[in-house]
Amino acid sequence: MAATTTTPTPAAGPSPAPTPTANRLPGRRRQLAFVYGWLAPILALFAVFSLVPIIIAIWLSLHRYNQLAPVSPFIGLRNFTYAFTDDPAFLNSLAVTGKYAVVAVPLNIVLSLAVALALNHITRLRALFRTVFFLPAIASAVAASLVWVPIYDPQAGWLNAVLNLLGLSGRSWLGDPGTALWSVMLTSVWQDLGFNVIVFLAGLQAIPLDFYDVAKVDGAGVVSRFRHVTLPLLQRTFVFVFCLTTIGYLQEFTRVQVMTAGGPLRSSETVVLHIYQRAFGDFQLGYATAMSLILMLIILVIALVQMRILRSRWEY
Amino acid sequence: MASPLTSRVPAAAPTPASTTSGDGRSRRRSGGVGQIVLYVVLSIAAIGFVAPFVLMVSNSLKTAQEIIQVPPSLLPEHPTFANFAFVLQNSPYLVWYRNSLLVAVAVTALTLFTSSIAGYIFAKFSFPGKNVVFVVLLSTMMIPAPVLLIPSYLVMNFLHLLNTLWALVVGSIVSAFGIFLMRQFISAIPDDLVDAARLDGAGEFAIYWRVILPLTGPALAALGIFTFLGSWNDYLWPLIVINDQDKMVVPLALTYFNSQHSQRSDLVMAAATMAVVPVCVVFLFFQRRIVNAFVLTGIK
């Protein structure tokens with residue numbers, strides 16, 4: 001790339017062996033040549049595809065930029081105020097995303113912690129069970145979504161068939177505004193559970209057994225051992241899993257797009273899906289970028305608050 | 001790129017054993033009943049977890065008539081591979097697969113190279129501006145992907161890379177996370193090793209390639225698995241930059257195929273089966289390494 005201009009010699013390939021007793025100065029020069037020769041192209045790529053886009057994002061958010069329009073006037077913060085005052089669909093998508101995260105994150109955490117605890121207690125077949133729970137995480141979100149769509153089918157779907165068998169009445173899970181979001185969420189939790197199970201399991205196995213023995217001697221029951229030994233010592237893992245899962249679900253896109261396309265009646269339209277539709281359906285790239293920056297701020301604030309609360313609550 | 005990965009396999013094996021094998025940590029052998037209950041509950045949950053995949057394969061083997069039958073059948077009454085044949089004959093499925101493989105392999109190999117060499121430089125060299133550059137690098141990790149989506153699209157448009165496989169590769173070959181991970185790992189390698197190689201007259205790149213890289217096996221494996229899966233499964237970015245049918249990668253092609261044959265879930269399930277099953281088989285082979293990759297990168 002444009003790296004060669006800044007550096008004297010790009011030290012490429014295994015360089016010829018120099019004099020055996022190289023004194024410090026030429027050695028230092030060779031080291032710097034290596035550092036700049038390799039770092040420059042890498043940082044150049046990083047700048048073009050990471051730093052420049054950040055600058056463009058800020059610029060876009062302050063302009064009325066539409067790819068199809070000839071001019072893009074500066075409009076200050078009006079994209080941001082517009083989002084909150086004149087775009088009910090954006091507020092709706094915020095509410096949908098909030099609902100999604102508030103339900104799916106605890107559901108995922110509680111279930112994966114329960115599975116990890118169970119796996120940690122069994123003595124045989126642990127690897128087999130772990131594999132089963134982890135397999136969905138390997139599949140692409142698109143494939144996972146497509147697999148679940150026929151399961152939710154109102155006529156020939158398995159979910160309704162099972163419900164009918166139990167004497168319950170089924171419904172059009174993805175076609176009903178009351179259930180579409182929850183149905184997508186079920187697929188998400190099914191798919192993402194395995195990742196957290198593995199991280200929790202590793203955290204659990206890092207806890208020294210002595211702690212449990214001491215607690216037992218002190219007469220602590222199962223519940224109190226979990227509360228006073230496992231939870232505090234699992235804290236770092238817990239904070240990590242909680243933050244990562246929240247950040248992930250606040251950006252949910254693929255599964256809702258594939259399974260419901262945000263419908264019916266925008267009942268499952270998440271923020272990122274709304275941003276995508278504004279940007280690549282209506283070509284309002286400036287406004288869509290402003291919304292993505294709002295989402296970023298929300299994510300940052302929530303992540304910081306979570307880290308604060310979770311750190312302090314269990315600090316011993 | 002493959003040699004340091006494969007050469008490290010035996011050396012890295014002892015570490016996984018400690019986290020995966022159950023013996024030695026069977027702490028409560030008391031509750032025989034408790035164990036049975038756990039196995040029963042886990043088995044029911046496991047069946048629920050596998051069921052969607054079983055239904056996917058089962059549906060892919062059904063005839064068009066059977067697929068819309070009410071109530072649905074669990075196993076196909078007349079199993080047929082006609083759906084797979086149809087998908088392969090009426091869509092460029094193998095091209096999609098090749099595209100995915102090409103992109104994921106290129107992204108993975110290049111990311112491993114840039115991350116390890118930059119990680120080595122940040123771990124073992126001092127140069128002016130090092131800390132500033134590193135902090136800038138790290139801070140970009142906090143920016144969620146959707147923010148960079150639209151600007152990156154404009155950059156690709158400017159570079160005339162839209163609708164090419166390059167658009168799926170070039171933006172992904174420098175990873176701040178990868179550089180951070182490799183720097184952490186390489187920092188733990190003693191400086192003496194590098195100095196000794198220098199005294200022996202090794203060139204700087206040779207030290208990186210022959211001394212440092214072979215020692216980073218577990219970290220490279222972890223980063224490689226993550227990068228490969230991330231690239232292989234990515235959907236949103238290809239959705240934005242790729243339009244041509246024969247430039248599509250598998251996840252994007254699946255939704256495209258689904259939209260073309262929305263009423264034929266037997267065909268869609270055959271396409272999905274071909275997308276999922278190979279990846280799962282590869283996973284079963286490398287299971288231990290993948291699990292450890294998640295552990296290594298998950299708990300820093």
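Residues numbered from 1 in each chain as written. Chains lettered and ligands numbered in written order. Predicted model: local features only at pLDDT ≥ 70, side-chain atom pairs only at ≥ 80, totals over all residues. Heavy atoms only, no water.

Caption draft 1: Main features of the packing of helix H7 (residues 93-124) of chain B against helix H16 (residues 250-260) of chain B. All names here are of chain B. As a packed pair, H7 and H16 sit with axes 8 Å apart at the nearest point and diverge in direction by 150°. The angle between H7 and H16 falls in the class roughly antiparallel. Residues Tyr93, Trp96, Tyr97 and Ser100 of H7 form the contact with H16, whose participating residues are Val250, Pro251, Ala253, Leu254, Tyr256 and Phe257. Its residues assigned to classes, the contact of H7 with H16 shows 9 nonpolar, 1 polar and no charged. (Axes fitted to C-alpha atoms, helices over the stretch in contact; angles between N-to-C directions. Helix = DSSP H or I, 4+ residues; strand = E, 2+ residues; numbered from the N terminus. Parallel < 35°, antiparallel > 145°, perpendicular 65-115°, else oblique. Contact = heavy atoms within 4.5 Å. Nonpolar A, V, L, I, M, F, W, Y, C, P; charged D, E, K, R; others polar.)

Caption draft 2: Spatial organisation of the interface of chain A and chain B. With 99 residues of chain A at the contact, the number on the chain B side is 103 residues. Both sides of the chain A and chain B interface together cover about 8900 Å² of buried area, and 75% of this is carbon and sulfur. For the pair chain A and chain B, the interface holds 0 salt bridges. Here chain A is connected to chain B by 10 residue pairs in polar contact (both at pLDDT 80 or more). The dominant element in the side of chain A that touches chain B, judged by the number of residues it contributes, is helix H1 (residues 24-61) of chain A, at 23 residues. Across the side of chain A that touches chain B, the residue classes tally to 72 nonpolar, 19 polar and 8 charged. (Buried area = accessible area lost by both parts, 1.4 Å probe. Salt bridge = Lys/Arg side-chain N within 4 Å of Asp/Glu carboxyl O. Polar contact = N/O pair within 3.5 Å; in protein donor to acceptor, adjacent residues only side chain to side chain.)

Caption draft 3: Up close: helix H5 (residues 141-151) of chain A. Buried residues dominate H5 of chain A, accounting for 10 of its 11 residues. For H5 of chain A, the complete set of buried residues consists of Ala141, Val142, Ala143, Ala144, Ser145, Leu146, Val147, Trp148, Pro150 and Ile151 of chain A. Close packing links the buried residues of H5 of chain A with helix H6 (158-165), helix H7 (180-205) and helix H11 (254-259) of chain A together with helix H4 (32-60), H16 and helix H17 (265-285) of chain B. (Buried < 20%, exposed > 50% of the residue type's maximum accessible area, 1.4 Å probe, protein only.)

Keep in mind these numbers describe shape, not what the thing actually does.
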